[in-house]
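Listed below, chain by chain, are the residues.
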Amino acid sequence: MKTKFRLLAFSLLALTLSQCAHPIERRIANNPQIYQSLSTNDQLLVQQGRIREGMTKEGVFLAWGRPSQVATGRQKGNSVEQWTYLGSQPVYTNTFGMGFGGGPWGYGGYGRYGGGYWGNMGPSVMYVPYKAGSVTFRSNRVTDYLRGPQ
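Being a predicted model, the structure only gives us computed values, none of them experimental. (Residues numbered from 1 in each chain as written. Predicted model: local features only at pLDDT ≥ 70, side-chain atom pairs only at ≥ 80, totals over all residues. Heavy atoms only, no water.)

Topic: the nonpolar core
Alright, step 1. Judged by nonpolar contacts, the single largest core of 18 residues is most densely connected at Val46, Ile51, Met55, Val60 and Val135.
Alright, step 2. At the level of secondary structure, the elements contributing two or more residues to this core comprise α2 (23-30), α4 (40-47), α5 (57-64), β2 (78-96) and β5 (121-138).
Alright, step 3. Ranked by the residues each element gives to this core, the list is headed by α5, at five residues.
Alright, step 4. In this structure isoleucine 51 touches Val60, Ala63, Trp64, Val135 and Tyr145, once residues within four positions along its chain are discounted. (Core = buried A, V, L, I, M, F, W, Y, C linked by side-chain atoms within 4.5 Å. Buried < 20%, exposed > 50% of the residue type's maximum accessible area, 1.4 Å probe, protein only. Helix = DSSP H or I, 4+ residues; strand = E, 2+ residues; numbered from the N terminus. Contact = heavy atoms within 4.5 Å.)

Given below as structure tokens:
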């Protein structure tokens, strides 16, 4: 019985620790064939979360993850694909809202059916999206990339 308990405890610990792994490490562990197909130099870049001109889409995926948006088109007669990565930035505000809302007849009031509303009062946080990076590919290879707020 002790052995089964230890095995279960070890399995749970291993599962918990695997969830704590860095996203890059998880992508590499989940896609070992892709990682092994990269050159030694590209493997080092992926481990650092970096990319380079000439890297394949698969290498960029391992280094930066799945893009938020993908756009395809043509540029100077060539097919191009652009991956866009979005981030979110906290914006702290101090709000005071007042008004009426709800109610079964479209207006506010008090009591069981009125649903008077006083909104958020005090500090709050909103997360605002921003463009955190973009990568352009031609023939499955990186031709241009930008990292950081744009």
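Regarding the packing of aromatic side chains
Alright, step 1. For the coordinates displayed, the defined rule picks out three aromatic pairs.
Alright, step 2. Residues tryptophan 64 and tyrosine 145 carry aromatic rings whose centres are separated by 6.4 Å and whose planes lie at 80 degrees to one another, so their mutual orientation is edge-to-face. Taken as a pair, tryptophan 64 in helix α5 and tyrosine 145 in strand β6 (residues 141-147) lie far apart in primary sequence, 81 residues in all.
Alright, step 3. Taking relative accessible area as the criterion, tyrosine 145 reaches 37% and is therefore assigned partly exposed.
Alright, step 4. In this structure an aromatic cluster arises from ring pairing among Trp64, Tyr85 and Tyr145.
Alright, step 5. The ring of phenylalanine 137 is capped by lysine 57, whose NZ or CZ atom sits 5.9 Å from the centre of that ring. (Phe/Tyr/Trp six-rings, centres within 6.5 Å; stacked < 30°, edge-to-face > 60°. Lys NZ or Arg CZ within 6 Å of the ring centre and 35° of its normal.)

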